Amino acid sequence: MRAFTVERYGSKAGVRVGEVPDPKAGADDVLIRIQAASINPLDRMIRDGKMKAILPYRVPFVLGNDLAGVVVEVGAAVTRFAVGDEVFARPDKDRIGTFAELIAVHQDDVAIKPATLTMEEAASLPLVALTSWQVLVERARIQPGQKVLIHAGSGGLGTIAIQLAKQLGAHVATTTSTANVDLAKRLGADVVVDYKKQAFETELHDYDVVLDSLGGETLTKSLDVLKPGGKVISVAGPPDAAFARELGANPVIRLVMSALSLRIRRRARRRNVTYSFLFMTASGDQLRELTPLIETGSIRPVVDTVFPFESTREALEYVEAGRAKAGKVVVKMT
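Being a predicted model, the structure only gives us computed values, none of them experimental. (Residues numbered from 1 in each chain as written. Predicted model: local features only at pLDDT ≥ 70, side-chain atom pairs only at ≥ 80, totals over all residues. Heavy atoms only, no water.)

### Here we look at the overall build of the protein chain
Where we set the bar: In this description a helix means any DSSP run of H or I spanning at least four residues, a strand means any run of E spanning at least two, and both kinds are numbered starting from the N terminus. Two things to know: the radius of gyration comes from C-alpha atoms, and the globule rule equals 2.2 Å times the number of residues to the power 0.38. Whether two residues are in contact is decided by their heavy atoms, any of which lying within 4.5 Å being enough. For the charge count, each Lys or Arg is scored as positive and each Asp or Glu as negative, with His and the chain ends excluded. Each charge is placed at NZ for Lys, CZ for Arg, CG for Asp and CD for Glu.
Looking only at helices and strands, the protein chain has 12 helices and 16 strands in total. Scaling as 2.2 N^0.38, a compact globule of 334 residues should have a C-alpha radius of gyration of about 20 Å, and the protein chain matches this with 19 Å. Contacts in the protein chain between residues at least 24 apart in sequence constitute 69% of all its contacts with a sequence separation of at least 6. Side-chain charges of the protein chain comprise 43 positive and 39 negative groups, with the mean position of each set lying 7 Å from the other.

Structure below.
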């Protein structure tokens, strides 16, 4: 099959489109013919070797973390799916490889594609929708009336997180550029801070939760908008010891990750708020929870551009250069 593979870490030249062996479906797997996949910042980080401590993939490997496609084979123990089903998924972190014609995915990580979406729209959703759910529903336990700040509201994660937070009854603020203020409002944001003209840390106060997807100085400043007892949950900041335990990391790695987040955790404690890091996990069940919201239009995917599969390298560079105006960039199999 054709696939987009990483031949060596840390170089754009170290990736190529070529032929690799077809994957084999195990007893609990569904074999999916991929029709569309989407680009995530995680793909670039994996390609560049920035995630090797957490995700030590052995080169060469197939890149890609989101998919929509059609089931072409089911394993002997599969009960939820049949050949011909249209599905979408974020494969488990140990089984990535959606920039390809085929992939074998455990049935627990797959869900039936929302009937109202195209393959390209469906492929844009799994990673960012699951991240939004795990931050807002599982970790933050958002309640109606709570105040939530979602950074980068026009990005792939932000566009979905705003909509989910509104469905949970939250008062939502977001940050975005001047060009995307109207989009953020259409998605449901109650307060939109134009970061080119305003400083969110002086505009916003007494928030219950911040979803941080930017890290760095933005993460540090986010502590200042929280009320006492508030939470900042980051998908871009330094990992913490709790995450290391989730990974099953050895004691040395746990100490390293704890040290990486020590400064931000100390600063959070001084303000009587908490910091935690989240790395989303695959879940077909959670995708099924989200599907009714998607099919009724309560959550709408935002797709910026669709590239042909042969231009996967260009799609990655398009995202890396910051050329995407809003939402996700998708790769379509031809």
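The structure having been displayed, the exposition proceeds.
### Description of the sheet that holds strand 4 (residues 61-62)
Under the convention used in this document: Two strands are said to pair when DSSP picks up at least two bridges between them.
Strand order in this open sheet of 3 strands is 2-1-4, and the pairing throughout is antiparallel. The strands lining the two open edges of the sheet, one partner per strand, are strand 2 (15-19) and strand 4. Looking at chain direction, strand 1 (residues 2-6) and strand 2 are connected through 5 bridges and run antiparallel. Across the sheet, the residue bridging to Thr-5 is Arg-16, located in strand 2.

### Quick notes on the environment of Leu-31
Applied cut-off: Burial status follows relative accessibility: with a 1.4 Å probe on protein chains alone, a residue under 20% of its type maximum counts as buried, one over 50% as exposed, and anything between as partly exposed.
Turning to its location among the elements, Leu-31 is positioned in strand 3 (residues 29-38). Leu-31 gets classed as buried once you look at its relative accessible area, which sits at 8%. Note: C-alpha distance between Leu-31 and Leu-211 (180 residues apart in sequence) is 34 Å.

### Notes on the side chain of Thr-131
What counts, and what does not: Any N or O atom pair separated by 3.5 Å or less is treated as a polar contact, with the protein-specific requirement of one donor-capable and one acceptor-capable atom, and with residues adjacent in sequence counted only for side-chain atom pairs.
Tracing the backbone shows Thr-131 in helix 3 (residues 126-139). The buried category is assigned to Thr-131, whose relative accessible area is 5%. Within the structure, the side chain of Thr-131 is placed 2.7 Å from the backbone oxygen of Leu-127, a separation counted as a polar contact. Excluding residues that lie within four positions of it along the chain, Thr-131 makes contacts with Leu-157, Val-235, Leu-278 and Met-280.

### Describing a positive patch on the surface
Worth spelling out the cut-off: Patch building starts from residues that exceed 30% relative accessible area and form no salt bridge, then joins like charges within 9 Å and nonpolar side chains (Val, Leu, Ile, Met, Phe, Trp, Tyr) within 5 Å. Here the Shrake-Rupley method, with its probe set to 1.4 Å, supplies the accessible areas, and only the displayed protein chains count as covering residues. Salt bridge, as used here, is a side-chain nitrogen of Lys or Arg placed within 4 Å of a carboxyl oxygen of Asp or Glu.
A surface patch of positive charge is lined by Arg-263, Arg-266, Arg-267, Arg-269 and Arg-270. Along the chain, the position of Arg-266 falls in helix 10 (residues 262-270).

### Describing the sheet that holds strand 10 (residues 171-176)
Operational definition: For helices, the axis comes from a line fit to the C-alpha atoms of the stretch in contact; other axes are also lines fit to C-alpha atoms, and the angle between any two N-to-C directions lies between 0 and 180 degrees.
On the basis of which strands lie adjacent, the open sheet formed by 6 strands has the order 11-10-9-12-13-14 and parallel pairing. Looking at strand neighbours, the two that pair on one side only are strand 11 (191-194) and strand 14 (274-277), the edges of this open sheet. The mean angle between the axes of side-by-side strands here comes to 15°, regardless of whether they run parallel or antiparallel. Note that strand 9 (residues 147-150) and strand 12 (residues 207-212) share 3 bridges and pair parallel. Opposite Ile-150, over in strand 12, you have Leu-211 as the bridge partner.

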